[in-house]
Amino acid sequence: MTPEDQEETQPLLRPPRGSVPRGRRVFLAAFAAALGPLSFGFALGYSSPAIPSLRRAAPPAPRLDAAAASWFGAIVTLGAAAGGVLGGWLVDRAGRKLSLLFCTVPFVTGFAVITAAQDVWMLMGGRLLTGLACGIASLVAPVYISEIAYPEVRGLLGSCVQLMVVIGILLAYLAGWVLEWRWLAVLGCVPPSFMLLLMCCMPETPRFLLTQHKRQEALAAMQFLWGPEQGWEEPPVRAEHQQGFQLAQLRRPGVYKPFAIGISLMVFQQLSGINAIMFYAETIFEEAKFKNSSLASVIVGVIQVLFTAVAALVMDRAGRRLLLALSGVVMVFSTSAFGAYFKLTQGGPSNSSHVDLLAPVSTEPADASAGLAWLAVGSMCLFIAGFAVGWGPIPWLLMSEIFPLHVKGVATGVCVLTNWLMAFLVTKEFNSLMEVLRPYGAFWLASAFCIVSVLFTLFCVPETKGKTLEQITAHFEGR
């Protein structure tokens, strides 16, 4: 190993040997950045309580028909895909902090447009703007947090991105009980406004400052985040850290390996069936004789929050690979059971051009049918818990860890674009897939994808627990 290679394996900024950072402001900075994912979760969850209200609205308020309601929910993913591309460009040009500050503008503007909406097009425009902000926040927040955190807490803080997303979704569900859609949109302006105020007081990430030749600012940022009581050692920064992404770099294993892993993680996350499960959650609870279907959404949200919090607490002890594999195995069994539920409750093919895919048509007694509905409820809750422990937070965490600094903007942009485009395709086409394969076939297909994701985790995903970002890059380079 050459001296130059040794430099590459060292952290750009690190405490003296044998010491552990004790600064607590890193947690405040991570919280400030995580308000972006909180806003993003609220924007995702907003459509669930807002759509029923908008479909009942009387003139002059805008009213959604079935087709418009479908687009009102799905257009966020298209805006987020565009936001992922924009965020990948911004994060390398403007920096991590300024990119987070910028994403507050479309968040607040989008919710303000929805609040003032006089027609359906204003509603769609507002949703598209909030989607754009979601895409930027989903990219920049994990990158910012991973670059300010020291290795001992990077898993904890990185997992808080997904935790804040599911808290935002739950807040939207709870607020939807007491607020109609306009006031709910007003509430959506609060988290990004709070993030704007907090992030103004937080530093840029030291790693980005070093790539901009701002050594003094980088040291000041590190002392602010990790504590001023110790001096900080700084190895030289290699020239490539100042270079942008070039296609020729895809020939290097340190670039193409994390590229392939990052994109695959995002694809498997969406093919797991999470959107399908969430889409049918209220219907499944209704079949299990829950009178209040909105309560079902809250129960699902609480499960997500609890198990994502568990994942955050154990991430730096258990490691990423173990939790991903465990999560995948749980999802295999739960999607298989979900498919079995549909197989047992639905009859053969129908000659009707429109099939009610969720209507139980079995000849079993009502009590048996209700028992099977509880099988579906149990399978769904198990799936959501399994997803929250691994495949919910970890793809976003690994995305922020595995890419070298000089390709991070482009690489994370491609990953976010992949995730949101897959989310859009799965959400829009799942009904068509269910008509072709029947519901049980669609969920068994999701189970097969979960099996592949477990094998992919075991054979292709490296463990990043306790490693600096530079050591992770060195691993992919084979050094």
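This section reports on the structure supplied with the text. (Residues numbered from 1 in each chain as written. Predicted model: local features only at pLDDT ≥ 70, side-chain atom pairs only at ≥ 80, totals over all residues. Heavy atoms only, no water.)

### Some thoughts on the overall build of the protein
A count of helical and extended segments in the protein gives 19 helices and 0 strands. Among the 479 residues that make up the protein, the fraction classed as buried is 56%. Considering only residue pairs separated by 6 or more positions, the protein has 84% of its internal contacts joining residues 24 or more positions apart. Total accessible area computed for the protein in this model is approximately 19,200 Å², and 66% of it derives from carbon and sulfur atoms. (Helix = DSSP H or I, 4+ residues; strand = E, 2+ residues; numbered from the N terminus. Buried < 20%, exposed > 50% of the residue type's maximum accessible area, 1.4 Å probe, protein only. Contact = heavy atoms within 4.5 Å. Areas by Shrake-Rupley, 256 points an atom, 1.4 Å probe, with all protein chains shown as cover.)

### Focus: helix α19 (residues 469-477)
Along α19, 7 of the 9 residues are buried, which leaves the element largely enclosed by surrounding structure. Of all the positions in α19, only Leu-469, Glu-470, Ile-472, Thr-473, Ala-474, Phe-476 and Glu-477 are classed as buried. Just past α19, the residue Gly-478 takes up positive phi, approximately 85°.

### Focus on the environment of Gln-162
Relative to the helices and strands, Gln-162 resides in helix α6 (residues 151-178). Apart from the residues lying within four places of it in its own chain, the contact partners of Gln-162 are Thr-308, Gly-392, Pro-393 and Trp-396.

### Quick word on the side chain of Ser-379
Mapped onto the secondary structure, Ser-379 falls in helix α16 (residues 366-389). The contacts of Ser-379, once residues within four sequence positions are left out, are Ser-334, Ala-337 and Phe-338.

### Structural notes on the packing of aromatic side chains
A full pass over the atoms with the stated rule returns 16 aromatic pairs. Look at Phe-338 and Phe-443: their rings are 4.7 Å apart centre to centre, the planes differ by 70°, and that puts the pair in the edge-to-face class. Taken together, the residues span a long stretch of sequence, with Phe-338 in helix α15 (residues 320-345) and Phe-443 in helix α18 (residues 408-460) at a distance of 105 residues. A relative accessible area of 1% means that Phe-443 is categorised as buried. Each member of the aromatic cluster is reached from another via a ring pair, and the members are Phe-42, Tyr-46, Phe-72 and Phe-111. Above the plane of the ring of Phe-72 lies Arg-127, whose end atom (NZ or CZ) is 4.8 Å from the centre. One cation-aromatic arrangement involves Lys-343 over Tyr-440; the distance from NZ or CZ to the ring centre is 4.3 Å. (Phe/Tyr/Trp six-rings, centres within 6.5 Å; stacked < 30°, edge-to-face > 60°. Lys NZ or Arg CZ within 6 Å of the ring centre and 35° of its normal.)

### Overview of the nonpolar core
Ranked by size, the top nonpolar core spans 123 residues in total, and within it Tyr-46, Phe-72, Tyr-144 and Met-199 carry the most contacts. Considering each element in turn, this core owes the most residues, 15 residues, to helix α2 (residues 25-56). For Tyr-46, the contacting residues outside a window of four places in its chain are Phe-72, Phe-111, Ile-114, Arg-127, Ala-172, Trp-181, Leu-184 and Ala-185. (Core = buried A, V, L, I, M, F, W, Y, C linked by side-chain atoms within 4.5 Å.)

### Quick look at the packing of helix α3 (residues 66-93) against α18
Two quantities define a packed helix pair, namely the angle between the helix axes and the distance between the axes. Direction vectors running N to C along α3 and α18 enclose 170°, while the axes themselves pass 7 Å from each other. The angle between α3 and α18 places the two elements in the roughly antiparallel class. Here Ser-70, Trp-71, Ala-74, Thr-77, Leu-78, Ala-80, Ala-81, Gly-84, Val-85, Gly-88, Val-91 and Asp-92 of α3 come into contact with α18, specifically with Lys-408, Gly-409, Val-410, Gly-413, Val-416, Leu-417, Trp-420, Leu-421, Ala-423, Phe-424 and Lys-428. Of the residues belonging to the contact of α3 with α18, the class tally is 14 nonpolar, 6 polar and 3 charged. (Axes fitted to C-alpha atoms, helices over the stretch in contact; angles between N-to-C directions. Parallel < 35°, antiparallel > 145°, perpendicular 65-115°, else oblique. Nonpolar A, V, L, I, M, F, W, Y, C, P; charged D, E, K, R; others polar.)

### Considering the pattern of salt bridges
For the structure shown, the criterion picks out 7 salt bridges. The salt bridge partner of Lys-408 is Glu-147, with a shortest N-O separation of 3.3 Å. In this pair, Lys-408 sits in helix α18 while Glu-147 sits in helix α5 (residues 120-148), placing the two residues 261 residues apart along the sequence. The class for Glu-147 is buried, based on a relative accessible area of 0%. Arg-154 is the partner of Glu-401 in a salt bridge, and the nearest nitrogen-oxygen pair spans 2.7 Å. With a gap of 247 residues between them, Glu-401 in helix α17 (residues 394-402) and Arg-154 in helix α6 connect regions that are remote in the sequence. Arg-154 matches Glu-401 in its accessibility class, with the two residues each being buried. (Salt bridge = Lys/Arg side-chain N within 4 Å of Asp/Glu carboxyl O.)

By themselves, these figures tell us nothing about what the structure is for.
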